[in-house]
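Next come the chains, spelled out residue by residue.
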Protein chains: 2
Amino acid sequence: MTSYSSPAVPRSLAPERLRRGPNLVFCMVGLPARGKSYIGRKIVRYLNWLGHEAQVFNVGQYRRSKLGERKDHTFFDPDNDEAVKGRRAMAHLALDDMFGWLKKRGEVAVYDATNTTRARRAIIAERCAAEGVRLVFIETISDSPEIIEANIRATKLHSPDYAGMDPEEAARDFRMRIAHYRRAYEPVEAERLSWMKVVEDKQLVLNRVDGEVPSKVVRLLMALRHRKVRHFWLTRHGESLANVEGRIGGDPGLSSQGRAFAERLAEHFERVEPQPTQVWTSTLERTKITASYLHALPASVSRRDLDEIQAGACDGMTYEEIREKMPEEFAARHADKARYRYPRGESYLDVIARVEPVVLEIERGNDPLLIVGHQAALRTLYGYFRGERAEACPQLQLPLHWLVEMLPTPQGHDERRTYLGPEPLSAGRAGASSDFPVKT
Amino acid sequence: MTSYSSPAVPRSLAPERLRRGPNLVFCMVGLPARGKSYIGRKIVRYLNWLGHEAQVFNVGQYRRSKLGERKDHTFFDPDNDEAVKGRRAMAHLALDDMFGWLKKRGEVAVYDATNTTRARRAIIAERCAAEGVRLVFIETISDSPEIIEANIRATKLHSPDYAGMDPEEAARDFRMRIAHYRRAYEPVEAERLSWMKVVEDKQLVLNRVDGEVPSKVVRLLMALRHRKVRHFWLTRHGESLANVEGRIGGDPGLSSQGRAFAERLAEHFERVEPQPTQVWTSTLERTKITASYLHALPASVSRRDLDEIQAGACDGMTYEEIREKMPEEFAARHADKARYRYPRGESYLDVIARVEPVVLEIERGNDPLLIVGHQAALRTLYGYFRGERAEACPQLQLPLHWLVEMLPTPQGHDERRTYLGPEPLSAGRAGASSDFPVKT
């Protein structure tokens, strides 16, 4: 295979910018217990995972840390002048910090507070205009007593504001707090501004919303619509012949140990409850062979978006060979593992972009799902569900012959790891794993 | 470079399904001249390009072909019993054809008619439920007299209904037609149904919209929001050293003729008006070198999503070598060029999925843009703007050393091709082009 590389031009650390256009603020709007913080955190997590610089600025946290916790509902009464002053000061403090951060290194901020009055929103809009920052309001709306009550019990009663208080009393106090806000509530209406309204799991209204990041957030909000959290499992293929030789890439079959793992995986899934009703693999042999052992489960679907990171010119090489023959590549990879792109191959950031539709599909769906994948591609997918930033993904630990179960919780997932074994032939050797030599 | 291929398992024609889940009907709703057909056509075009089986069923066309053209406004009067009967019959005829097509081979249908009454929409909803087809209403809303008048003049006056008629008289008649519909208009409100409302370029309301295809359509509608049509240019890199040898893939520099082309391209862009304010290349040398000659234009941005189709195991081979050494791959490629995937490389469908965000970015933006790309990747991009289906993309003609200018029109783009030359060294030789041997 001839390769026409131009060694004069360094290929690594491609300078593609993720940042195109001005900084952006998503300003949450809505009564307490309408899911503002949940949505705000999900947005920040998603954008950080995609490689953007995003952060939540939560006014409630400022209030608790500066003015003290355990404020009862009277503190939120709009007629309590003293408290109004204090709360306004906290809102401004959070705004100052937010714009300071945006100026320094931030890209997308979520300003998380009720922001339920037109006057408060006007202050934020003016600051954004003055700082040249784009502003999108996200209003969360719910009139369903069941949803609101469930929100209060799932999250608010665990707030430091109610530490040690009787749950019934705390819930009563929180309902009074909501009532104070409702008296002053003015929904977002300004036709000329950019805003979204999220009405429970039913409706999404987009007013003058465009641009790349807001469009991505719309996709995320659509995928999160149901707030169902999916039960799923992640595992790498059984050890491959390339793993044994310490070579990256390729399309090898399994080692004897890898086949033994596939058998143990199959036995495991004869016993678990619930059982996966879907099995996804990549298009590469080692995942399809592994899944072919799972006789108790539905036939697997092979997806190219789950393929392993493309090693390009380094495909088929050992880690030691790369260090010897391509020392500059070796060094560049160590300098920035997330952004480093193999010559004519992929970077972790490239893999994140490719895996993103898979992540949203997992968020959207509800059937128990097993994914048989590869080290780098699964690291990115797993990283999203663990709330990791793009830079952290290359360091996540997903060793061979382990099964990772992602268990639904109200806020996301817990994980349970099971070592199925047997010990890979490559165990303990540096550079043994299929793409990155991380100690497992 | 070692390769661990498993020759026992055929790698081509990967059976990944594009169809997941039930068939789908998008039912347009809205008064005449609100952009229903424009949006319906854009949706079908986009889905066909992505590889889905989509089609518009336009009741107006049935009416014109079965009941005759040149109906004046009285035909649309809800009190004209005879006409109401005829129009209802046409609506049912289109529905019958649509469900017949969905049963046979269709996947996504757009049912394009006013559908402005609750009764008419109930009939469609019942049929969809009976046939197990998902239904999403798309209502287009505009109260701006300027937008409506512009729509009438840009499209309706060119309808066969008004052939040969004085434009003023035709516009008057069409306004009367709108008035008839307005009398019976009932906006979509049903909270339990799935619907979108497109309010001019301002608002998009999504009610119970989810699933993969509807989510894609939301992204498209957001990108189309402004209805600005972008002026852009496409060209391949100057002839590469691999083109001269007839090899695919690689990362070669330019031949002498390729460099001469880059000079001519630069001269050309010193003269044109408007000038591109953005230049995009792939991450591969041949496009970056070509763009480096364009001193009159802004510095280029290199994008991995514009890279050439990955030839995987065939990278660096000539077309003749593939035929000799991998006859099964050669045959599979000829059997289905759009779906054929190079072993451990990409198919045209893979490239379409990769290029799709670029296409939406072009739709969203408005700055004149020059793209210096590659044969296969540009074929897919160009295919979208020419309204081609996925299957047709591999046959589109984009020879070396030609410039394709995409000129905005009210409905999309016209194109103007300019041969800049010089003649590539590889001219006339089969297999000379960088990925597919199509006669140019």
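**Structural notes on the overall build of chain A**
Across its full length, chain A holds 14 helices and twelve strands. Burial analysis of chain A (440 residues in total) assigns 58% to the buried set. In chain A, 72% of the contacts between residues at least 6 apart in sequence involve partners at least 24 apart. By element, 51% of the accessible surface of chain A is carried by carbon and sulfur atoms, the whole surface being about 17900 Å². In chain A, 67 side chains carry a positive charge and 61 a negative one; their mean positions are 3 Å apart.

**Comments concerning the interface of chain A and chain B**
Between chain A and chain B, the residue contacts involve 53 residues of the former and 53 residues of the latter. Buried area between chain A and chain B, both sides added, is near 5000 Å², and the carbon and sulfur share of it is 47%. In this structure, the connection of chain A to chain B is made through six salt bridges. Where B:Asp210 meets A:Arg225, a salt bridge forms, and the shortest distance between an N and an O atom there is 3.0 Å. The tally of links between chain A and chain B comes to 15 residue pairs in polar contact (both at pLDDT 80 or more). Residue composition of the side of chain A that touches chain B, by class: 15 nonpolar, 15 polar and 23 charged. Where strand E6 (residues 203-207) of chain A and strand E6 (residues 203-207) of chain B come together, five bridges link them in antiparallel fashion. Bridged to A:Asn207 within E6(B) is B:Gln203.

**Focus: the pairing of strand E4 (residues 134-141) of chain A**
Along a regular strand, successive side chains alternate from one face of the sheet to the other. Residue and element names in this part refer to chain A. Taking burial as the measure, the eight residues of E4 include six buried ones, the bulk of the element. Two strands pair when backbone bridges link them, and strand E1 (residues 24-29) and E4 are joined in this way by six bridges, in the parallel orientation. Bridge pairing in E4 places Phe-26 opposite Val-136. By the bridge criterion, five bridges tie E4 to strand E5 (residues 195-199) in an arrangement that is parallel. Bridge assignment links Thr-140 to a residue of E5, and that residue is Val-198.

**Regarding the sheet that holds strand E1 (residues 24-29) of chain B**
The twelve strands lie next to each other as E2(A)-E3(A)-E1(A)-E4(A)-E5(A)-E6(A)-E6(B)-E5(B)-E4(B)-E1(B)-E3(B)-E2(B), forming an open sheet whose pairing is mixed. Looking at strand neighbours, the two that pair on one side only are strand E2 (54-58) of chain A together with strand E2 (54-58) of chain B, the edges of this open sheet. Here the strands of the sheet are splayed against their neighbours by 15° on average, with no regard to which way each runs. Packed on one face of the sheet, helix H1 (residues 36-50) of chain B meets E1, E2, strand E3 (108-112), strand E4 (134-141) and strand E5 (195-199) of chain B and runs near 160° to E2(B).

**Comments concerning the packing of aromatic side chains**
All chains considered together, the criterion is met by 24 aromatic pairs over all chains. Here the aromatic residues A:Tyr46, A:Trp49, A:Phe232, A:Tyr384 and A:Phe385 are joined through ring pairs into a cluster of three or more. Cation over ring: B:Arg303 sits above B:Trp280, and NZ or CZ is 4.4 Å from the ring centre.

**Notes on the domain arrangement of chain A**
Note on interface size: it is often stated as the accessible area lost on association of the parts. Residue and element names in this part refer to chain A. Under the domain assignment, chain A is made up of domain 1 (24-224) and domain 2 (232-427). Taking the mean C-alpha position of each, domain 1 and domain 2 sit 37 Å from one another. Buried surface at the junction of domain 1 and domain 2, both sides included, amounts to about 1600 Å², of which 54% is carbon and sulfur. Per-residue buried area on domain 1 facing domain 2 is highest for Arg-45, Trp-49 and Ala-223; these three make up 45% of the total on that side. The interface formed by domain 1 and domain 2 holds three salt bridges in total. With its nearest N and O atoms 3.1 Å apart, the salt bridge here joins Arg-219 to Glu-356. Here domain 1 and domain 2 share eight residue pairs in polar contact (both at pLDDT 80 or more) between them. Taken together, the elements giving at least two residues each to the side of domain 1 that touches domain 2 come down to helix H1 (36-50) and helix H7 (212-224). For the side of domain 1 that touches domain 2, the leading source of residues is H1, giving eight residues.

**Brief notes about the relation of the copies chain A and chain B**
At an RMSD of 0.0 Å, chain A and chain B line up after a rotation of 180° and a shift of 0.0 Å along the axis. Those values place the two copies in the arrangement expected of a two-fold rotation axis. When C-alpha distances to the rotation axis are compared across chain A, the minimum falls at A:Val205, with a value of 2.1 Å. The residues that chain A uses at the interface reappear at the interface of chain B in 100% of cases, marking a shared surface.

**Some details on the nonpolar core**
One finds A:Phe26, A:Met196, A:Leu381, B:Phe26, B:Leu47, B:Met196 and B:Leu381 to be the most contacted residues of the largest nonpolar core, which totals 137 residues. Counting residues in each nonpolar core, the second largest holds 50 residues, with A:Trp101, A:Leu102, B:Val59 and B:Ile124 among its members.

**Section: the packing of helix H2 (residues 59-67) of chain A against helix H3 (residues 81-104) of chain A**
The description of two packed helices rests on the angle between their axes and on the distance between the axes. Residues and elements named next belong to chain A. H3 packs onto H2 with a crossing angle of 115° between their chain directions and a minimal axis gap of 9 Å. Regarding H2 and H3, the two cross each other, and that crossing is right-handed. Within the contact between the two elements, H2 uses Val-59, Tyr-62, Arg-63, Lys-66 and Leu-67 and H3 uses Gly-86, Met-90, Ala-91, Leu-93, Ala-94 and Asp-97. Of the residues assigned to the contact of H2 with H3, the class counts are seven nonpolar, one polar and three charged.

**A short note on the sheet that holds strand E12 (residues 412-419) of chain A**
Residue and element names in this part refer to chain A. Taken together, the six strands give an open sheet; going across it, the order is E9-E8-E10-E7-E11-E12, and neighbouring strands pair in mixed fashion. Edge positions in the open sheet fall to strand E9 (301-302) and E12, since each of these has one partner strand only. Bridge count between strand E8 (residues 278-281) and strand E10 (residues 369-373): four bridges; the pairing is parallel. Counted as the bridge partner of Trp-280 is Ile-371 from E10.

**Side note on the pairing of strand E3 (residues 108-112) of chain A**
Residues and elements named next belong to chain A. With five of five residues buried, E3 lies mostly within the body of the structure. Side chains Val-108, Val-110 and Asp-112 project from E3 onto one buried face, and the interleaved Ala-109 and Tyr-111 project onto a second face that is buried too. As paired elements, E1 and E3 share four bridges and run parallel to each other. Bridging from a neighbouring strand, Cys-27 pairs with Tyr-111 of E3.

**Focus: the confidence of the model for chain A**
Residues and elements named next belong to chain A. When pLDDT is averaged along chain A, the result is 89; 92% of the residues meet or exceed 70. Here residues 1-19 is modelled with pLDDT under 50, and outside its nearest four sequence neighbours on either side it reaches 41 contacts, counting other chains as well. For this predicted complex, the interface confidence reaches an ipTM of 0.86, while the overall pTM sits at 0.89.

**Some details on unusual backbone geometry**
Following A:Gly421, the chain continues to A:Pro422 via a peptide bond in cis, the omega torsion being 0°. Within the fold, A:Pro422 resides in the segment after E12. Despite not being glycine, B:Ala33 has its phi angle at roughly 65°, a positive value. Its location among the elements puts B:Ala33 in the loop between E1 and H1. Even without being a glycine, B:Glu200 presents a positive backbone phi close to 45°. Mapped onto the fold, B:Glu200 is located in the loop between E5 and E6.

**Here's the deal with the pattern of salt bridges**
Residues and elements named next belong to chain B. Per the counting criterion, the structure on display carries 68 salt bridges over all chains. Among the ionic pairs, Lys-42 bridges to Glu-363, the shortest N-O distance being 3.1 Å. Separated by 321 residues along the polypeptide, Lys-42 in helix H1 and Glu-363 in helix H13 (residues 348-364) bring together distant segments of the chain. Accessibility classification places Lys-42 together with Glu-363 in one group, the buried group. As a salt-bridge pair, Glu-405 and Arg-416 come within 3.0 Å of each other at their nearest N and O atoms. In this pair, Glu-405 sits in strand E11 (residues 402-409) while Arg-416 sits in strand E12 (residues 412-419), placing the two residues eleven residues apart along the sequence. Taking the relative accessible area as the measure of exposure, Glu-405 reaches 10% and is therefore buried.

Definitions and cut-offs
The residue numbers shown here count from 1 along each chain, following its written sequence. A letter from A marks each chain and a number from 1 marks each ligand, given out in the order of writing. Owing to the predicted nature of the model, reporting of local features is limited to residues with pLDDT of at least 70; listing and counting of side-chain atom pairs is limited to 80 or more, with chain, interface and lining totals taken over all residues. Water and hydrogen atoms play no part in the side-chain values, which are based on all heavy atoms of the structure. Under the scheme used here, helices are H or I runs from DSSP no shorter than 4 residues and strands are E runs no shorter than 2 residues, and both carry numbers assigned from the N terminus. Each residue's exposure class comes from its accessible area (1.4 Å probe, protein chains only) as a fraction of the maximum for that residue type: buried when under 20%, exposed when over 50%, partly exposed otherwise. Contacts are residue-level and defined by heavy atoms, with any inter-residue pair within 4.5 Å sufficient. The protein chains shown are the only cover counted for residues, whose accessible areas, like all others here, come from Shrake-Rupley with a 1.4 Å probe. Positive charges come from Lys and Arg alone, negative charges from Asp and Glu alone, with His and the N- and C-terminal ends not counted. Lysine's charge is taken at NZ, arginine's at CZ, aspartate's at CG and glutamate's at CD. Buried area: the accessible area, evaluated with a 1.4 Å probe, that two parts lose upon being put together, summed over both parts. The working definition used for a salt bridge is a side-chain nitrogen of Lys or Arg within 4 Å of a carboxyl oxygen of Asp or Glu. Two N or O atoms count as a polar contact when they lie within 3.5 Å, although within protein this holds only if one can serve as hydrogen donor and the other as acceptor, and sequence-adjacent residues are included solely when both atoms are side-chain atoms. The nonpolar class holds Ala, Val, Leu, Ile, Met, Phe, Trp, Tyr, Cys and Pro. Asp, Glu, Lys and Arg form the charged class, and all remaining residues, Gly among them, are polar. Paired strands, as defined in this entry, are two strands with at least two bridges between them according to DSSP. Axis angles are defined between N-to-C directions and span 0 to 180 degrees, where every axis is a line fitted to C-alpha atoms and, for a helix, only to the segment in contact. When two rings of Phe, Tyr or Trp (its six-membered ring) have centres within 6.5 Å they constitute a pair, described as stacked for plane angles under 30 degrees, edge-to-face for angles over 60, and tilted for the intermediate range. Any Lys NZ or Arg CZ that is within 6 Å of a ring centre and within 35 degrees of that ring's normal is treated as a charge sitting over the ring. Domain delimitation in this document rests on an assignment produced automatically or drawn from a domain database. Copies are brought into register by a least-squares superposition over C-alpha atoms of residues with pLDDT of at least 70 in both. Nonpolar cores were defined as sets of buried Ala, Val, Leu, Ile, Met, Phe, Trp, Tyr and Cys residues, with membership established by side-chain atoms within 4.5 Å. Should the near helix be turned anticlockwise from the far one by less than a right angle, the crossing is termed left-handed; should it be turned clockwise, right-handed. pLDDT measures how confident the predictor is about each residue, on a scale from 0 to 100.

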